[in-house]
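Okay, here's what each chain looks like letter by letter:
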Amino acid sequence: MTEQPRDLTEGRERGTISLPEPVRSPWFELSRRLLAALAILVGTVLLVYLDRGGYRDGTGPDPGISLIDAIYYTTVTLSTTGYGDISPVTDSARLINAFVITPARIAFLVLLIGTTIEVLASQGREMFRVARWRKHMDHHVVVIGYGTKGRSAVQTLLNNGLEREAIVVVDPSEVAMQDAHADGLAVVSGDATRRGVLRRAGVADAEQVIITTDRDDSNVLATLTVRQLNPDAYIVTAVREHENSPLMRQSGADSVITSSDAVGRLLGLSSVSPTLGTVMEDLLSYGDGLEVAERELLVTEVGRQPQSLPDQVISVVRDEKVYRYFDPVVSQLARGDRLIVVRPAKELPWAPRPGTHNEDAATDDD
């Protein structure tokens, strides 16, 4: 898989017309070409039979040409066998052979041999691509559901440095498959609540799984299945209703996002304070204004207070627990801490601020 060129994405945003290519099964193409080859065969038989006076049979008692002789002559001629027992003797028959039957013979061979090679080559190439993809698919991210939430999740992953080749989409919808392919992503078509579908997506080896279908019951069942296949995967699940959040965690989800509560809170904040709603929308949008990011602590920042750093620190991650910046537990930053910060969107979300890129991170390994 190759990354989709930026020009194509920008072209679609500008309204550039891009006509879809017709997608047909190999068996349809094979049947269509076999019918074309049969048409050439029948047409040549009629042509030879109508001009049967220009041909002679050198082996039979009757030098004339019958319909069976015309069929026989056509088949051995188009297949380039050419026994020579029946041959054109008049100038018109020879001209027809030179300018009509010979091109028909070439077209006939191209249709039969070319189609067989094409079908075998395309199937073999696709099998090779899938095998190579599976070989390199390890510690990847599986996104179940490629609707609005799924696309936004994928875009966020890409914006934070994840490669497209490390993302696999699972969705039964034909529209979702086309959208994911247009975005340069691998797709496994099928129901994500079925073990076989998830196995084909490599869930057992996935590092993270994001579940974003439109039904909470489907999300619960998918979460249960994923957790059974991969006990170590980090599962992030979306739910529509808050009362389903505990059930989702019991099913094995590590993080549960309630979409209706988040949207409702944003609507309420925008109603109480339009400016506060604007700031929250800015934080949730990527690429402009402010951005929420997580980064490692630098060596020069060890022992300092979170409020004294150039970044606007809002939380500190210590021993896999999240503390607010004002919590006394993290009044002094220590090695191994990670920082949740608010910074300009133009900066890389995972990098230290400009001017500190060459400094070492204060990890526990130091």
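Residues numbered from 1 in each chain as written. Predicted model: local features only at pLDDT ≥ 70, side-chain atom pairs only at ≥ 80, totals over all residues. Heavy atoms only, no water.

Caption draft 1: Representation of the overall build of the protein chain within the structure. Looking only at helices and strands, the protein chain has 11 helices and 12 strands in total. Looking at the protein chain as a whole, 35% of its 366 residues are labelled buried. Considering only residue pairs separated by 6 or more positions, the protein chain has 62% of its internal contacts joining residues 24 or more positions apart. As displayed, the protein chain offers around 22200 Å² of accessible surface, 57% of which is attributable to carbon and sulfur atoms. (Helix = DSSP H or I, 4+ residues; strand = E, 2+ residues; numbered from the N terminus. Buried < 20%, exposed > 50% of the residue type's maximum accessible area, 1.4 Å probe, protein only. Contact = heavy atoms within 4.5 Å. Areas by Shrake-Rupley, 256 points an atom, 1.4 Å probe, with all protein chains shown as cover.)

Caption draft 2: Focus on the nonpolar core. Within the largest apolar cluster, 24 residues are counted, with the highest numbers of intra-cluster contacts made by Val-142, Ile-144, Val-170 and Val-209. Of all the secondary structure elements, the ones that give two or more residues to this core are β3 (141–144), β4 (167–170), α7 (195–200), β6 (208–211), α8 (216–229) and β7 (234–239). Per-element accounting of this core gives the leading share, four residues, to α8. When sequence neighbours within four positions are dropped, the list of residues in contact with Val-170 reads Val-142, Val-143, Ile-144, Gly-145, Val-188, Gly-190, Ala-192, Val-197 and Ala-201. Counting residues in each nonpolar core, the second largest holds 14 residues, with Val-141, Val-143, Ile-167 and Val-187 among its members. (Core = buried A, V, L, I, M, F, W, Y, C linked by side-chain atoms within 4.5 Å.)

Caption draft 3: How the structure looks around the side chain of Asp-171. With respect to the secondary-structure elements, Asp-171 resides in the loop between β4 and α6 (174–182). The buried charged residue Asp-171 lacks any salt bridge, with Arg-151 as its nearest oppositely charged partner at 7.9 Å. Of the polar contacts made by the side chain of Asp-171, one reaches the backbone nitrogen of Ser-173; its length is 2.8 Å. Here Asp-171 is in contact with Gly-145, Tyr-146, Ala-176, Val-188, Ser-189 and Gly-190, once residues within four sequence places are set aside. (Lys, Arg positive; Asp, Glu negative; His and termini not counted. Salt bridge = Lys/Arg side-chain N within 4 Å of Asp/Glu carboxyl O. Polar contact = N/O pair within 3.5 Å; in protein donor to acceptor, adjacent residues only side chain to side chain.)

Caption draft 4: Highlighting the sheet that holds β3. What the six strands build is an open sheet, ordered β5-β4-β3-β6-β7-β8; its pairing is parallel. Of all strands in the sheet, those bounded by a partner on one side alone are β5 (186–188) and β8 (255–258). If you compare each strand with its neighbour and ignore which way they point, the axes differ by 20° on average. Pairing of β3 with β4 involves four bridges; the strand directions are parallel. Bridge pairing links Val-141 to Ile-167 in β4. Along the sheet, α8 contacts β3, β6 and β7; its crossing angle with β7, the most-contacted strand, is approximately 170°. (Pairing = 2+ DSSP bridges. Axes fitted to C-alpha atoms, helices over the stretch in contact; angles between N-to-C directions.)

Caption draft 5: A look at the sheet that holds strand β12 (residues 338–344). Taken in spatial order, the four strands make up an open sheet running β9-β12-β10-β11, and their pairing is antiparallel. Of all strands in the sheet, those with a lone pairing partner are β9 (290–296) and β11 (321–324), marking the two edges. Strand-to-strand twist across the sheet, computed as the mean angle between neighbouring axes with direction ignored, equals 30°. Relative to β12, β9 is paired through seven bridges, and the arrangement is antiparallel. Note that in β12 the partner of Glu-291 across the bridge is Arg-343.

Caption draft 6: Structural view of the confidence of the model for the protein chain. Across the protein chain, the average pLDDT comes to 77, with 77% of residues at or above 70. Note that pLDDT drops below 50 for residues 1–21; the model gives that stretch 18 contacts with residues more than four away or on any other chain. Contacts for the low-pLDDT stretch residues 354–358, under 50 throughout, to residues beyond four places or in other chains number four contacts. (pLDDT = per-residue confidence, 0-100.)

Caption draft 7: Broad picture of a nonpolar patch on the surface. Together, Leu-35, Leu-38, Val-42, Leu-46 and Leu-50 make up an exposed nonpolar region whose accessible area comes to about 530 Å². Its place among the elements puts Leu-35 in helix α2 (residues 26–50). (Patch = residues over 30% accessible without salt bridge, like charges linked within 9 Å, V, L, I, M, F, W, Y side chains within 5 Å.)

Caption draft 8: Structural context of the pattern of salt bridges. With the rule as written, the count across this model stands at eight salt bridges. Arg-338 is the salt-bridge partner of Glu-294, the closest N and O atoms lying 2.8 Å from each other. One end of the pair, Glu-294, is in strand β9; the other, Arg-338, is in strand β12, and 44 residues separate them in sequence. Overall, the relative accessible area of 35% leaves Glu-294 in the partly exposed class. The network of salt bridges with shared partners includes Glu-294, Glu-296 and Arg-338.

Caption draft 9: Region of interest: the pairing of β12. When you tally the buried positions in β12, you get five out of seven residues, the bulk of the element. As paired strands, strand β10 (residues 312–318) and β12 are joined by five bridges and run antiparallel to one another. Bridging across to β12, Val-313 finds its partner in Val-341.

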